[in-house]
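# Structural characterization, general
Single-letter residue listing:
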Amino acid sequence: MTTVAVLGLGEAGGHIARDLVEAGAAVRGYDPRVTASGGVYDAADAAAACRGASLVLSVNSAADALDALSQGLPGCAPGTVWADLNTAAPAVKEAVHAAAGDRAVVADVALMAPVPPRGLYTAMTASGPGAEPFATAVRTFGATVDVLPGPVGVAATRKLLRSVFYKGLAAAVVEALAAGRAAGLEEWLAGNIAEELVRADAATLDRLVTGSRVHAVRRTHEMEAAAELLDSLGVPARVTRASRDWLRDLAG
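Now for a look at the structure at hand. These figures come from a predicted structure and were not determined experimentally. (Residues numbered from 1 in each chain as written. Predicted model: local features only at pLDDT ≥ 70, side-chain atom pairs only at ≥ 80, totals over all residues. Heavy atoms only, no water.)

### Things to note about the packing of aromatic side chains
What characterises a pair of aromatic rings is the spacing of the ring centres plus the angle enclosed by the ring planes. Put simply, the rule reads: Any two of the Phe, Tyr and Trp rings considered here, Trp counted by its six-membered ring, make a pair once their centres fall within 6.5 Å; the pair's planes then place it as stacked at under 30 degrees, edge-to-face at over 60, or tilted in between. Lysine and arginine charges are scored as sitting over a ring when NZ or CZ, respectively, is within 6 Å of the ring centre and within 35 degrees of the ring normal.
A full pass over the atoms with the stated rule returns one aromatic pair. With a centroid separation of 6.1 Å and 75° between ring planes, the pair formed by F165 and Y166 is classed as edge-to-face. R162 extends its terminal NZ or CZ atom over the ring of Y166, reaching a point 5.1 Å from the ring centre.

Dropping the structure here:
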């Protein structure tokens, strides 16, 4: 039976750990703030969780990635695959790789969608020297991994570029709906946004980019007016003013 250590048992790590148990793995977990459940062995510390595991999944946060490595590495046998699933900048992934030295083989793993409700079966990409062995190990449990050529940081780069779009879109929607609520038009605006999202297709991307360049001057003034509206409604116009600034740059 394959033994997997999971460091970090929050929403993502806990879900993945329980899925691994159900798929037939022996899972040893550690999280200083969460007690292991669902058949996951609750280890006393990170090193204890890693002891005897051929694969370690670090599912903490970017801020904790190096600490998790320093705490767990003493329990790793040479050649252990250390998969860093944290949403971190490429530089952090590179620092984890450097700190692991010859003790562990590091895989930079990016979760390409929200983990709930799919857990272990969330689409992943992986890069670095540990990418192939990581993919081989978790595919036996039904996971889907796209292995990318290149060093650690390649998978993180793709993840964060996608985040610029997706989280930026989410921020724009949140800001717009807050303004709609303040203006008494939230229901109408929510319906309008939903219709636009449903109507979007492959050609939408080209229309957005081309239209922004062709109409940059006019749209700069439009977004300045929108920012003034949000000011009058008492809603911070963070995304609105950022859009104005991008349009101003395009116009220049």
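Still more ground to cover, so stick around.
### Considering the pattern of salt bridges
Which entries qualify depends on this criterion: A side-chain nitrogen of Lys or Arg and a carboxyl oxygen of Asp or Glu constitute a salt bridge if their distance falls within 4 Å. The helix count covers DSSP runs of H or I at least four residues long, the strand count covers runs of E at least two residues long, and both are numbered beginning at the N terminus. Burial here depends on accessible area, computed with a 1.4 Å probe over protein chains only, as a share of the maximum for the residue type. Under 20% is buried, over 50% is exposed, and the range in between is partly exposed.
Evaluation of the coordinates by the stated rule reveals 10 salt bridges. The salt bridge involving R199 is made with E196; its shortest N-O contact spans 2.7 Å. Highlighted residues: R199 and E196, both in helix α7 (residues 186-199), separated by three residues, approximately one helical turn. Exposure remark for R199: the relative accessible area of 52% places this residue in the exposed category. Residues R241 and D231 are paired through a salt bridge, measuring 2.5 Å at the closest nitrogen-oxygen approach. Taken together, the residues span a long stretch of sequence, with R241 in helix α10 (residues 238-251) and D231 in helix α9 (residues 216-233) at a distance of 10 residues. Since its relative accessible area comes to 25%, R241 is described here as partly exposed.

### Remarks on the pairing of strand β6 (residues 104-111)
The following threshold applies: Any two strands between which DSSP finds at least two bridges are classified as paired. By the criterion used throughout, a crossover qualifies as right-handed when its path from the first strand across the helix to the second strand runs clockwise, the strands pointing away from the viewer.
For β6, the tally of buried residues reaches seven of eight residues, placing the bulk of the element in the interior. The pairing of strand β5 (residues 80-84) with β6 spans five bridges and is parallel. Considered in β6, the bridge of W82 is made with V106. Between the parallel pair β5 and β6, the chain is carried across by helix α4 (residues 90-100), and the sense of this crossover is right-handed. Taken together, the four bridges between β6 and strand β7 (residues 124-127) define a ladder with antiparallel strand orientation. Considered in β7, the bridge of D108 is made with S127.

### Describing helix α5 (residues 131-139)
Put simply, the test is: When we speak of the arc, we mean the arc of directions from the helix axis to the C-beta atoms. The contact criterion used throughout is that any non-hydrogen atoms of two residues lie within 4.5 Å.
Taken together, the buried positions of α5 are A131, F134, A135 and V138. For α5, the angular spread of the buried residues around the axis is 95°, confining them to a single face. Those residues of α5 that are buried lie in contact with β4 (55-58), β5, β6, β7 and β8 (145-147).

### With respect to the side chain of T122
Note the threshold: Identification of polar contacts relies on pairs of N or O atoms within 3.5 Å, with a donor-acceptor requirement for protein atoms, meaning one able to donate a hydrogen and the other able to accept it, and with residues adjacent in sequence counted only if both atoms are side-chain atoms.
Structurally, T122 can be placed in the loop between β6 and β7. Under the relative-accessibility criterion, T122 is labelled buried at 1%. A polar contact of 2.8 Å, which involves the side chain of T122, links it to the backbone oxygen of G119. In contact with T122, not counting residues within four places along its chain, are L111, A113, P114, V115 and T144.

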